[in-house]
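# Coordinate analysis (summary)
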Amino acid sequence: MKKSLFTLAILVMAFGNVSFAQRTAHLKSNANVNVLKHYGIRDETTLAPQTATWETTDGEQYRTTYVYDEYDYYLIMEMTEIKDDDNWQNFSVLNYEYDFSGNVLEILAEMYLYGDVWVPDAKASFSYESGELSEVIYQYWEDGNWMNETKEVYNYAGDVTTILFWDWNGTTWSSDELWTYTDDGMGTIELLVQYMEGGAWQNDERVTYEKQFTGALISILYEDWVNNAWENEQYVGYIYQPDGNDKGVAFWVNGAWQLKYQFEFDYENYNAIHGVCLEKDDDQWIPADGDIEMFYDEYAAAKIFYGHEVDMTYIDLTSLKENTQAANFKVYPIPAESEILIEADDFQKAEIYSITGQKLMESQQNTVNVSALASGVYVLKVYDKNGTSNSQRMVVK
């Protein structure tokens, strides 16, 4: 790529030790072959990561805990810690906010400063049109204000998806890169990356994804535009064993492919539970740092960690759902302005939570004043006299 993205690197840094070079394919939003349009929608029957622990070759250890909304199963927080003198210390956090359709509205990254202080670092704000992602704006925190950094604009035309990247120059947006995805419907997706120079789009990189009929990746070919022709640069091949998959990364050197990195995985019920990265040194394979793709849900999804070794555990999201016999309740008005009225059998109390799970209010009355709440989406939890509960989302305007 012609430019690195500071803001997006910060968002990705919540996952641990990151360098621009290794993260190029993942820096710009989730604009990749696996996610082109929808964000955040979660199938209630799928498994999802619960914890991830990984280590780099220089001994740095990280741990991420994934927190999900117990009502809608959405990922709402990723808390990452770093190991220091055998103790886990806060490092960074990603907070997710959704709309009622399950689309991500905002991802907020915060970094931890010693002294129990969390500070804003970067955020991504998402917009939608007709249910499709239309725009993402990235900002970074500086001197108490959010500053624009980059913007993505999405357009869909049949099997072609384009993403136009813009840079903020302090006063206006200027076009930077154009990504064009073309899906042939037969398992091949091509990504053409172009940059703006001299008032025209210039070829930069081409990426070709080959997938099985199941959707699992077979290979990824990277090519660079050199002297008005495409030149091989990198090849990633996936081999699916009965108990999992291996991955090899080869580079084009002197007219031939040379295998450079090898990734090995252990699987349990199609979920990667252990992964390692190795680098070829003469005739030996030695520990190395790289992007370790931990596939799960029968290879339908993946989390990527930069390091030498990673371990994952998973959770059945349906187990988060409360087993409750509480009577159904109704809330008026929707959306709320100054107060809400709750109609429920054997009402005991009501609680209001932020979208990230922070308890904000509690009331023993079925009329609740919400005028102190900022405009936004909240979770209303209603208890009956037996202590069981039901919950639903509510909007305050």
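Quick note: structure is the one above.
This write-up is about the structure you can find in this document. (Residues numbered from 1 in each chain as written. Predicted model: local features only at pLDDT ≥ 70, side-chain atom pairs only at ≥ 80, totals over all residues. Heavy atoms only, no water.)

## Quick notes on the overall build of the chain
Assigned secondary structure in the chain consists of two helices and 28 strands. Taking all 397 residues of the chain together, 44% fall into the buried category. Counting only contacts in the chain whose residues sit at least 6 apart along the sequence, the fraction spanning at least 24 positions is 39%. Taken as a whole, the chain presents about 19,800 Å² of accessible surface, with 45% of it coming from carbon and sulfur. (Helix = DSSP H or I, 4+ residues; strand = E, 2+ residues; numbered from the N terminus. Buried < 20%, exposed > 50% of the residue type's maximum accessible area, 1.4 Å probe, protein only. Contact = heavy atoms within 4.5 Å. Areas by Shrake-Rupley, 256 points an atom, 1.4 Å probe, with all protein chains shown as cover.)

## Examining the pattern of salt bridges
Should their charged atoms come close, side chains of opposite charge can pair. All chains considered together, the criterion is met by 10 salt bridges. In this structure, Glu106 and Lys123 form a salt bridge, with 3.9 Å as the shortest nitrogen-oxygen distance. Pair noted here: Glu106 is in strand S5 (residues 104–113) and Lys123 is in strand S6 (residues 117–129), with a separation of 17 residues, a long-range link. Accessibility expressed as a relative area gives 24% for Glu106, which makes it partly exposed. Glu223 serves as the salt-bridge partner of Arg206, at 2.9 Å between the closest nitrogen and oxygen. With Arg206 in strand S12 (residues 200–211) and Glu223 in strand S13 (residues 217–226), this residue pair connects regions lying 17 residues apart in the sequence. Residue classification places Glu223 among the buried residues on the basis of a relative accessible area of 8%. One network of salt bridges, with partners in common, ties together Lys349, Glu351, Lys359 and Glu362. (Salt bridge = Lys/Arg side-chain N within 4 Å of Asp/Glu carboxyl O.)

## Points about unusual backbone geometry
The amide bond that connects Tyr332 to the next residue, Pro333, takes the cis arrangement and shows omega of -15 degrees. Positioned with a positive phi, Asn227 is a non-glycine residue whose angle comes to about 55 degrees. Taking the relative accessible area as the measure of exposure, Asn227 reaches 73% and is therefore exposed. A positive phi is found at Asp282, a non-glycine position, where the angle reads about 60 degrees.

## Section: the pairing of strand S16 (residues 256–268)
Bridge count between strand S15 (residues 244–253) and S16: seven bridges; the pairing is antiparallel. The partner of Phe251 across the bridge, within S16, is Gln258. Here S15 hands over to S16 after two residues, with Asn254 in that stretch at a positive phi of 55 degrees. Following S16, the chain reverses through two residues before pairing antiparallel with strand S17 (residues 271–281); Asn269 in that reversal takes a positive phi of roughly 55 degrees. (Pairing = 2+ DSSP bridges.)

## Digging into the nonpolar core
Core analysis: the largest hydrophobic core is formed by 61 residues, its most contacted members being Phe126, Ile220, Met294 and Phe305. For this core, the element with the most residues is strand S4 (residues 87–98), which contributes five residues. Residues contacting Met294, with those up to four places away along its chain left out, are Phe265, Ala272, Ile273, His274, Gly275, Ala301, Ala302, Lys303, Phe305, Val310 and Met312. Ala350, Val368, Val370 and Leu380 belong to the second-largest nonpolar core, a separate cluster that totals 16 residues. (Core = buried A, V, L, I, M, F, W, Y, C linked by side-chain atoms within 4.5 Å.)

## A closer look at the sheet that holds strand S22 (residues 329–332)
Here three strands make up an open sheet; going across it, the order is S22-S23-S26 and the pairing antiparallel. The two strands at the open ends of the sheet, each matched to only one other strand, are S22 and strand S26 (367–369). With direction set aside, neighbouring strand axes in the sheet form an average angle of 20 degrees. Here strand S23 (residues 339–344) pairs with S26 via three bridges, running antiparallel. What sits directly across from Glu339, in S26, is Asn369. (Axes fitted to C-alpha atoms, helices over the stretch in contact; angles between N-to-C directions.)

## Observations concerning the side chain of Ser134
Turning to its location among the elements, Ser134 is positioned in strand S7 (residues 132–142). With residues up to four places along the chain from it excluded, the contact list for Ser134 reads Ser127, Tyr128, Glu129, Glu152, Val153 and Tyr154.

## Focus on the environment of Thr171
With respect to the helices and strands, the residue Thr171 is situated in the loop between strand S9 (160–168) and strand S10 (173–183). Note on Thr171: relative accessible area 62%, which makes it exposed.

## Topic: the sheet that holds strand S28 (residues 389–396)
Read from one edge of the open sheet, four strands run S25-S24-S27-S28, paired in antiparallel fashion. Each end of this open sheet is capped by a strand with a single partner; those strands are strand S25 (359–363) and S28. Looking at each pair of strands side by side, their axes are set apart by 25 degrees on average, direction ignored.

## Points about the side chain of His308
The topology assignment puts His308 in the loop between strand S20 (301–307) and strand S21 (309–316). Not counting the four nearest positions on each side in its chain, His308 is found in contact with Glu55, Thr56, Thr57, Gly275, Val276, Cys277, Leu278, Pro287, Ala288, Asp289 and Ile292.

## Considerations on the environment of Pro242
Relative to the helices and strands, Pro242 resides in the loop between strand S14 (229–241) and S15. The exposure class assigned to Pro242 is exposed, which follows from its relative accessible area of 84%. Taking C-alpha positions, Pro242 is 9.5 Å from Tyr270, a pair spaced 28 residues apart along the chain.

## Observations concerning the packing of aromatic side chains
Enumeration according to the criterion identifies 16 aromatic pairs in this entry. With centroids separated by 5.6 Å and ring planes inclined at 70 degrees, the aromatic side chains of Tyr62 and Phe91 adopt a geometry described as edge-to-face. Pair noted here: Tyr62 is in strand S2 (residues 61–68) and Phe91 is in strand S4, with a separation of 29 residues, a long-range link. The buried category is assigned to Tyr62, whose relative accessible area is 3%. According to the relative accessible area criterion, Phe91 is buried, its value standing at 17%. Ring centres 5.0 Å apart and planes at 75 degrees place the aromatic pair Trp252 and Trp257 in the edge-to-face group. Under the relative-accessibility criterion, Trp252 is labelled partly exposed at 32%. (Phe/Tyr/Trp six-rings, centres within 6.5 Å; stacked < 30°, edge-to-face > 60°.)

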